[in-house]
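# Analysis of the macromolecular model
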Amino acid sequence: MSSPRRGSMGFYPRVRARSIRVTVKTWPKINLSEPKLLGFVGYKAFMCSALLLDSYEKSPTYGKEVVKACTVLEVPPLFIAGIKLYGSNQGRLINLTTIYAEKIPDKISKHYAFKNKIPPNIDQFKDRITEVRVIACTQPYLTTIGKKKPEVFEIKVGGDPIKALEYTQNILGKEISIEEVFNEGDYIDIIGVTKGKGFQGVVKRFGVKILPKWHKHRKGYRKVGSIGPIKPTLMRFVPRAGQMGFHRRTIYNKKIIMIGKDPSIINKKGGIPHYGIIKNRFILLLGDVMGPPKRVIFLRFPVRPPKHPRVYKLIQIIK
C-alpha cells in the first residue's frame, strides 16, 4: 500500500522568489465600459474576525450571522509616474514608447530616475497601440511601516486602448485611490510572496513520516526511506530538503467585504502589533493573505471569477 504524494507538483521548483515586489504575468480579459486600472497595491496589516450576514440563498447558513476570518490591508494612494504604450508583433508585446510625468515627488525621484530626454509624440503611435499600462509607485512613507523606498509596478489599463490612453493622460502625475479601481463586494486575486522559513528538511517541508528510532534505518530517521531506483538516477517527485517559504503565490477570488475611509474604526489601542497605526484607507478581505505583516500585496481583477459568488453583509468587525 503506497502513501499519497506529499506536496503539490504544481508549485515546483520550490525556490525563493526573486523579489518581494511581484510581477503580474497574466491580466484578465474583461470588457469595461470605461477605462480603469486592473490592479492596485496594498500592505498587509493584520488578521481579525468579522460578524457577517450570509445573504446567499443556496447557502446552508442563509439569513444567519456567521463569524469569518478576515485580513486588513492598508492601501495608500498610488502615484502615477508614467505611461507605457505597447504594440503587438506576431502575438508578442512591443514597447512603443514611455511617457513620464513632469513633476514627481522628491521622495520617489531620489530613488528612481523617471525622466524623458525628448518628450515623444503620441500621435504617431495611436494606430499601433494594443495595450496601455501605467507606471505606478507606492507611497510607503505615508504609512507607519518604516519603509522609505517605494515599489514600482506596471498596471494594465482595461477598456479600449484609445480611451485608455486618454484616461492615463488625465491621471498622469496624480494620485489614484482604491475607490477608483475596486468596489465593495468585488472579487479580486491577490499576488504576493509567502512567509520565508529558510532551509528545512523533508519532515517539515513535505510532512514525511518519521522513521522508527530503534532499528531498520541508518544515518538518521528524519529522512526519506529511498530517493528512487538506480535508473533514472533521481526522480524529481521524491521529497528532498530545501527552501521552504518565501515563494511567489497567487490566491484567486478573494472577496472585498469593506473599503474603509476612517482608520479609527480598525486601529487598536497602542497600535497594531508588528505593524503600527493605519493612517490611510484600508480594505477588509474575506479569508487569509500570504506573507507576514508589512508585506506588499498586489490586488488584481479576477482572471477566473466565480460562477456563483457569495453575498455577505458586514455587521461588525471583531478586533
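Residues numbered from 1 in each chain as written. Predicted model: local features only at pLDDT ≥ 70, side-chain atom pairs only at ≥ 80, totals over all residues. Heavy atoms only, no water.

## Details of the pairing of strand S2 (residues 39-54)
S2 sits mainly inside the fold: 13 of its 16 residues count as buried. Pairing of S2 with strand S14 (residues 296-300), which is carried by five bridges, proceeds in the antiparallel orientation. Each bridged residue has a counterpart across the sheet, and for Tyr-43 the counterpart in S14 is Val-296. Across 10 bridges, the pairing between S2 and strand S3 (residues 65-74) is antiparallel. Bridge pairing in S3 places Tyr-43 opposite Glu-74. Inspection of the sheet shows S2 paired to strand S15 (residues 312-318) by six bridges, in the antiparallel sense. Residue pairing across strands places Leu-51 opposite Gln-316, the latter belonging to S15. (Buried < 20%, exposed > 50% of the residue type's maximum accessible area, 1.4 Å probe, protein only. Helix = DSSP H or I, 4+ residues; strand = E, 2+ residues; numbered from the N terminus. Pairing = 2+ DSSP bridges.)

## Considering the pairing of S3
Successive side chains on a regular strand alternate, one facing one side of the sheet and the next facing the other. Sheet topology places S3 next to strand S13 (residues 282-286); five bridges connect them, and they run antiparallel. For Thr-71, the partnering residue across the bridge sits in S13 and is Leu-285.

## Notes on the nonpolar core
Counting 70 residues, the largest nonpolar core has Val-72, Ile-155, Phe-182, Ile-278, Leu-284, Phe-298 and Leu-299 as its most contacted members. No other element matches S2, which puts eight residues into this core. The residues touching Phe-182, leaving out its near neighbours within four places in the chain, are Gly-39, Phe-40, Ile-188, Ile-256, Ile-259, Leu-299, Arg-300 and Phe-301. Counting residues in hydrophobic clusters, the runner-up holds nine residues, among them Phe-79, Ile-108, Phe-114 and Val-152. (Core = buried A, V, L, I, M, F, W, Y, C linked by side-chain atoms within 4.5 Å. Contact = heavy atoms within 4.5 Å.)

## Some thoughts on the packing of aromatic side chains
According to the stated counting rule, one finds five aromatic pairs in the structure shown. Between Tyr-100 and Phe-114, the ring centres sit 5.5 Å apart and the planes meet at 25°, which makes this aromatic pair stacked. One end of the pair, Tyr-100, is in strand S5 (residues 92-100); the other, Phe-114, is in the loop between helix H1 (106-109) and strand S6 (131-137), and 14 residues separate them in sequence. Given a relative accessible area of 24%, Tyr-100 falls into the partly exposed group. Of the residues examined, Phe-114 reaches a relative accessible area of 16% and is grouped as buried. In this structure an aromatic cluster arises from ring pairing among Trp-27, Phe-153 and Phe-298. The positively charged end of Arg-16 is found above the aromatic ring belonging to Phe-246, 4.4 Å away from the centroid. Just above the ring of Tyr-86 sits the side chain of Arg-133; from NZ or CZ to the centre is 5.1 Å. (Phe/Tyr/Trp six-rings, centres within 6.5 Å; stacked < 30°, edge-to-face > 60°. Lys NZ or Arg CZ within 6 Å of the ring centre and 35° of its normal.)

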